[in-house]
Amino acid sequence: MAWTGESMTLPRMNAHRLVIVAAALTTLVAAALGTTFAVFSGQALPRAVRHTLARASGTTLDLSGAVNAAQAAQYTTLLRHRLATDLAGAPFAFDQARWSNPLGFTAARPGAVTASGGNVPIAEAAALDDVAAHAVLTAGTWPGAYRANQAGAGRPGAATGIQLVPAALPSVTAGLLHLRPGDSLTMRDRVTGQLTRFRITGLYRARQVTGPAAAYWALNQIGFSGASTQSGFTTYGPLTVDGAALGPAGPLAVGSATWVVQPELAAIPAGQLGAVAARVAALRQELESSGTLPALSLDTGLPAALTGIQSDLRVARSLLAICAVLVALLAAAALLVVARLLAGQREGESAMLVARGATRWQLARLTLAEAVPVCTVAALAGGSAGVAVARVLTGAGPVPLAAAAASGWPVAAAVAAVAVAILL
């Protein structure tokens, strides 16, 4: 009777089914664990990083410096362009405030501008980007757009030619200065000597003083107390005005500026954390030692936060890699034992088949006919189980099935190929 490998595959497997089952189980477990590690490393860990980044604190970029109107505009353009690159394309909120020169009081209001300890009372005006979205009016209205030459006929200040600038005040500052909507305040620029009259149109308070939205108020150099004391001066304000009142076309000269940048950290790719941290640190050094523009100070904890999260990510991936190597070694050792056991049990059978005319290729094809379906089915089952386990166990939210499969199936296929090679 002629020898045919196809007719002997199932009987041979049935005769050694326990060993075949051991090989299948070893392949299944190896594929399941390998797929789990792959999904964790490729999908769950980056999601965990994004989750951690979204909750990180102290990651806003607070910039400030003494600049004039033209330099403030240059820095605004420069920073927008530079940060778009330095943050690896992650979107960011960008807010600016331009501040006037120190303004001296020209007439005392009872109890309003008395500073303790011999400090000189002054005030500052500021144009804060989108302040109405971050503050709540408690009285009056916002100042609205500034129009030049408001001190015309019939207006206060017409006789003297002093420009009239509508302004809103923080409620706490208004309380300290005993001001309310409708009052006027004449101030003198302590640098240029220019007189400006402010008409108080409204009072406001910060909409949110804690949480992520409160980062906007880092624009306010005076703070929530309404007054700050430093270097012998007590500064009140800010007198919040329209941006047109500050700069070349307005009556107020720009003396400094502040910027607040709030990056959407969750959008920074996990593989770019170290690069972004290095670029932000380099930006800080460049701003503090600028050779063409006045130096700016940059206060942020972003580089430290990104470096720490990147270090944690590397440790996690290293632990997963070590576990994967150990599992691979154990699985390979188990499959080698199974292969030796199977070969020992079939030694006599193989000799008989060779005696009946079977070639080495025919014997190999017979083994392939057994190993390929067994290892493939076991690896597919193990891969499915690994994907399911990884999606359930991840702490950063459910991993999408398509993404998990894309990370896990190559590992399952590799396990099946290695298992077939060892059994062969």
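All of the points below concern the structure found in this document. Model, not experiment: these values are computed from the prediction. (Residues numbered from 1 in each chain as written. Predicted model: local features only at pLDDT ≥ 70, side-chain atom pairs only at ≥ 80, totals over all residues. Heavy atoms only, no water.)

1. Points about unusual backbone geometry
- Geometrically, the link from Gly-237 to Pro-238 is a cis peptide bond, its omega value of 5° lying close to zero.
- Despite not being glycine, Ala-88 has its phi angle at roughly 55°, a positive value.
- Take Ala-88: it is sitting in the loop between helix 3 (69-86) and strand 2 (92-100).
- Judged by its relative accessible area of 28%, Ala-88 is partly exposed. (Helix = DSSP H or I, 4+ residues; strand = E, 2+ residues; numbered from the N terminus. Buried < 20%, exposed > 50% of the residue type's maximum accessible area, 1.4 Å probe, protein only.)

2. With respect to the nonpolar core
- Leu-61, Leu-63, Trp-259, Leu-287 and Leu-306 are the most contacted members of the largest nonpolar core, which totals 40 residues.
- Counting residues per element, the ones that place at least two in this core are helix 2 (17-55), strand 1 (61-65), helix 3, strand 11 (254-263), helix 5 (273-288), helix 6 (302-345) and helix 8 (360-393).
- Ala-127, Met-187, Leu-252 and Val-254 belong to the second-largest nonpolar core, a separate cluster that totals 26 residues. (Core = buried A, V, L, I, M, F, W, Y, C linked by side-chain atoms within 4.5 Å.)

3. Description of the pairing of strand 8 (residues 195-206)
- Sheet topology places strand 5 (residues 135-140) next to strand 8; five bridges connect them, and they run antiparallel. Paired with Leu-137 across the strands is Tyr-204, a residue of strand 8.
- Bridge count for strand 6 (residues 163-170) against strand 8 is eight bridges, and the pairing is parallel. Of the residues in strand 8, the one forming a bridge with Gln-163 is Thr-196.
- Taken together, the five bridges between strand 7 (residues 184-189) and strand 8 define a ladder with antiparallel strand orientation. The partner of Ser-184 across the bridge, within strand 8, is Arg-199.
- The turn linking strand 7 back onto strand 8 is made up of five residues, and Gly-193 within it adopts a positive phi angle of 80°. (Pairing = 2+ DSSP bridges.)

4. Brief notes about a nonpolar patch on the surface
- Taken together, Val-315, Leu-319, Ile-322, Val-325, Leu-326 and Leu-329 make up a surface patch of nonpolar side chains, about 570 Å² in accessible area.
- If you trace the backbone, Leu-329 turns up in helix 6.
- Classification of Leu-329 as exposed rests on a relative accessible area of 56%. (Patch = residues over 30% accessible without salt bridge, like charges linked within 9 Å, V, L, I, M, F, W, Y side chains within 5 Å. Areas by Shrake-Rupley, 256 points an atom, 1.4 Å probe, with all protein chains shown as cover. Salt bridge = Lys/Arg side-chain N within 4 Å of Asp/Glu carboxyl O.)

5. A short note on the pattern of salt bridges
- By the definition in use, this model includes two salt bridges.
- Of the charged contacts in the structure, one is a salt bridge between Arg-82 and Asp-86, with a shortest N-O distance of 2.8 Å. Of this pair, Arg-82 and Asp-86 both sit in helix 3, four residues apart, which is roughly one turn of the helix.
- By relative accessible area, which is 21% here, Arg-82 ends up partly exposed.

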